[in-house]
Amino acid sequence: MSLTFYYQCSECGKEYDITHDMMLCPECSQFQKPDEPLRGILEVILDGHFHHQPKISDLLPVEAEYFPQIPVGNTPLWKPANLGRDLGFSNFYIKDDTHNLTGSLKDRASYLVAAFANRENIREIVLASTGNAGSSMAGVGAAAGLDIIIFLPETAPKAKMVQSIQYGVKVITVAGSYDDAFDLSLEYSRKHNILSRNTAYNPLTIEGKKTVSLEIYHQLEKVPDYVFVPTGDGVILGGVYKGFRDLMQLGIIDRIPTIIAVQAEGSDAIASAFESGNFSPIDAHTVADSISVGIPRNGYYALKQLKQYKGKCVTVSDDAILAAQKELSSKAGLFAEPAAAASHAGFLKMKDEIDKYATVVLLVTGNGLKDIDSAMTKIDFPLKSITSLEELG
Ligand SMILES: *Cc1c(COP(=O)(O)O)cnc(C)c1O
């Protein structure tokens, strides 16, 4: 038995075919105001059911044969025993998405978009990025033989920019914020009629990221109690929910875990809308560049999921993020970039409310080597170099 797939607007419920030029609901997006999250986010709907345990590829709207043969997904889920013991939690897991091809969870979205482009004979893709989506689409695109154009804020961490250029793509830096890069890339996409992989805007970005939940379920062989998700635009968050919701719809699981959206205090648009009920644009500032977002593009959709499935939001300071980054490195051997370590900072802030035997999964979304400048603010380099051991005293 296989499924059929179509888009449905997450606001008005209208249904559409999955085509390259269908991005937002044409009706709801008419009401888009400039400084708010995207209106008319489309969701991939799975239609049908299985008489056997489906494979992950069965649940994706592009057939397996179109995916490039590259290592994306199937990342390790592991128990950091040393760290877990220190924290006093016996079922504490890391879902380590630093293991993807380009070192971040973004590869899951790029992978599905690349497969879709392949199926539709599309050769060019454009996107805006704070750094990781760009380097991800660049690397996945290189492996898939696609031409990629990236709009980055000029302040993006050097390593992410180097990574993108190294993959051989066209990088355009924007004298402005990620939000400015987002708008310019959309204008470029329309002007040159090129497929956009902008996060949330292209519905396949949400759908691609759902594979992380499908894997967590298969690896644990059960639904975890908590999943901590670092959150900027809210697309990973939406994808994490989507994966568990698909499994529930297919009758494979019977509950959705408690999902915790972790945001930086200086970039807390979703967390504050969770409290107040509406979005107001913020001037985002945080050391965790990958979750530094003034207007969370997937804000409405993310908020709806959080409310419906009783998720929670927690905000963490930059100092707490860097301390959590250090702890993950020194106690679990996992060097995560600040945004990725934010999930651990969120856990540390909430752990007194969580049962010691609960199954907790930290989503670690990006590799620490992608942004060494932030980590460098908190470490001591050796003071001087030696020529003989006597100098060690
Ligand atoms: C993109 C990203 C996030 C946040 O994802 P959103 O979909 O923007 O919420 C978190 N961590 C890393 C490493 C990322 O690259």
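My aim in this report is to walk through the structure given alongside it, one point at a time. (Residues numbered from 1 in each chain as written. Predicted model: local features only at pLDDT ≥ 70, side-chain atom pairs only at ≥ 80, totals over all residues. Heavy atoms only, no water.)

Here's the deal with the sheet that holds strand β5 (residues 92-96)
Two orientations exist for strands paired in a sheet by backbone hydrogen bonds: parallel and antiparallel. The strand order across the open sheet built from six strands is β4-β5-β13-β10-β11-β12, with neighbouring strands paired in mixed fashion. Either end of the sheet is taken by a strand with one partner, and the two such strands are β4 (77-78) and β12 (312-316). Bridge count for strand β10 (residues 226-230) against strand β11 (residues 258-264) is five bridges, and the pairing is parallel. The partner of Tyr226 across the bridge, within β11, is Thr258. Docked against the sheet, helix α9 (residues 269-276) engages β11 and β12, running at close to 130 degrees with respect to β12. (Pairing = 2+ DSSP bridges. Helix = DSSP H or I, 4+ residues; strand = E, 2+ residues; numbered from the N terminus. Contact = heavy atoms within 4.5 Å. Axes fitted to C-alpha atoms, helices over the stretch in contact; angles between N-to-C directions.)

A look at the sheet that holds strand β7 (residues 147-153)
Strand order in this open sheet of four strands is β8-β7-β6-β9, and the pairing throughout is parallel. Since the sheet does not close on itself, it has two edges, and those belong to β8 (170-174) and β9 (195-196), each with one partner. Across two bridges, strand β6 (residues 124-128) lies against β9 in parallel orientation. Note on β9: the bridge partner recorded for Ile125 is Leu195.

Describing the packing of aromatic side chains
Within this structure, the stated rule accounts for eight aromatic pairs. Ring geometry for Phe89 versus Phe347: centroids 5.1 Å apart, planes at 75 degrees, classification edge-to-face. Placement of Phe89 in the loop between α1 (81-87) and β5 and of Phe347 in helix α12 (residues 338-350) is noted, with a sequence separation of 258 residues between them. Judged by its relative accessible area of 0%, Phe347 falls in the buried class. Their ring planes at 85 degrees and their centres at 5.3 Å tell us that Phe279 and Tyr300 sit as a pair that is edge-to-face. Linking Phe279 in the loop between α9 and α10 (299-308) with Tyr300 in helix α10, this pair joins segments that are 21 residues apart in sequence. For Phe279, a relative accessible area of 14% corresponds to the buried category. Above the face of the Phe274 ring, Lys307 is positioned so that its terminal group lies 4.2 Å from the ring centre. (Phe/Tyr/Trp six-rings, centres within 6.5 Å; stacked < 30°, edge-to-face > 60°. Buried < 20%, exposed > 50% of the residue type's maximum accessible area, 1.4 Å probe, protein only. Lys NZ or Arg CZ within 6 Å of the ring centre and 35° of its normal.)

Let's talk about empty space enclosed by the protein
Applying the stated criterion across every chain, the model contains two cavities of 30 Å³ or more. Its volume calculated, the largest cavity comes out at about 270 Å³. When residues of the lining of the largest cavity are traced back to their parent elements, those giving at least two are α3 (132-144), α8 (235-249) and α12. With three residues, the top contributor of residues to the lining of the largest cavity is α8. Of the residues assigned to the lining of the largest cavity, the class counts are 12 nonpolar, 12 polar and four charged. (1 Å grid on protein atoms, 1.4 Å probe; cavity = no way out; pocket = protein on both sides within 12 Å on 5 of 7 lines; lining within 4 Å. Points joined across faces, edges and corners; volume = space filled by probe spheres on them. Nonpolar A, V, L, I, M, F, W, Y, C, P; charged D, E, K, R; others polar.)

Brief notes about the pattern of salt bridges
Per the stated rule, a full pass over the model turns up 22 salt bridges. Residue Arg108 pairs with Asp97 through a salt bridge whose shortest N-O separation is 2.7 Å. Taken together, the residues span a long stretch of sequence, with Arg108 in helix α2 (residues 107-119) and Asp97 in the loop between β5 and α2 at a distance of 11 residues. Per residue, the accessibility class of Arg108 equals that of Asp97, and both read buried. Of the charged contacts, one joins Lys160 and Asp289 as a salt bridge, the two residues approaching to 2.8 Å between their closest N and O atoms. Residue Lys160 is located in helix α4 (residues 158-166), and its partner Asp289 is located in the loop between α9 and α10; the two are separated by 129 residues in the primary sequence. (Salt bridge = Lys/Arg side-chain N within 4 Å of Asp/Glu carboxyl O.)

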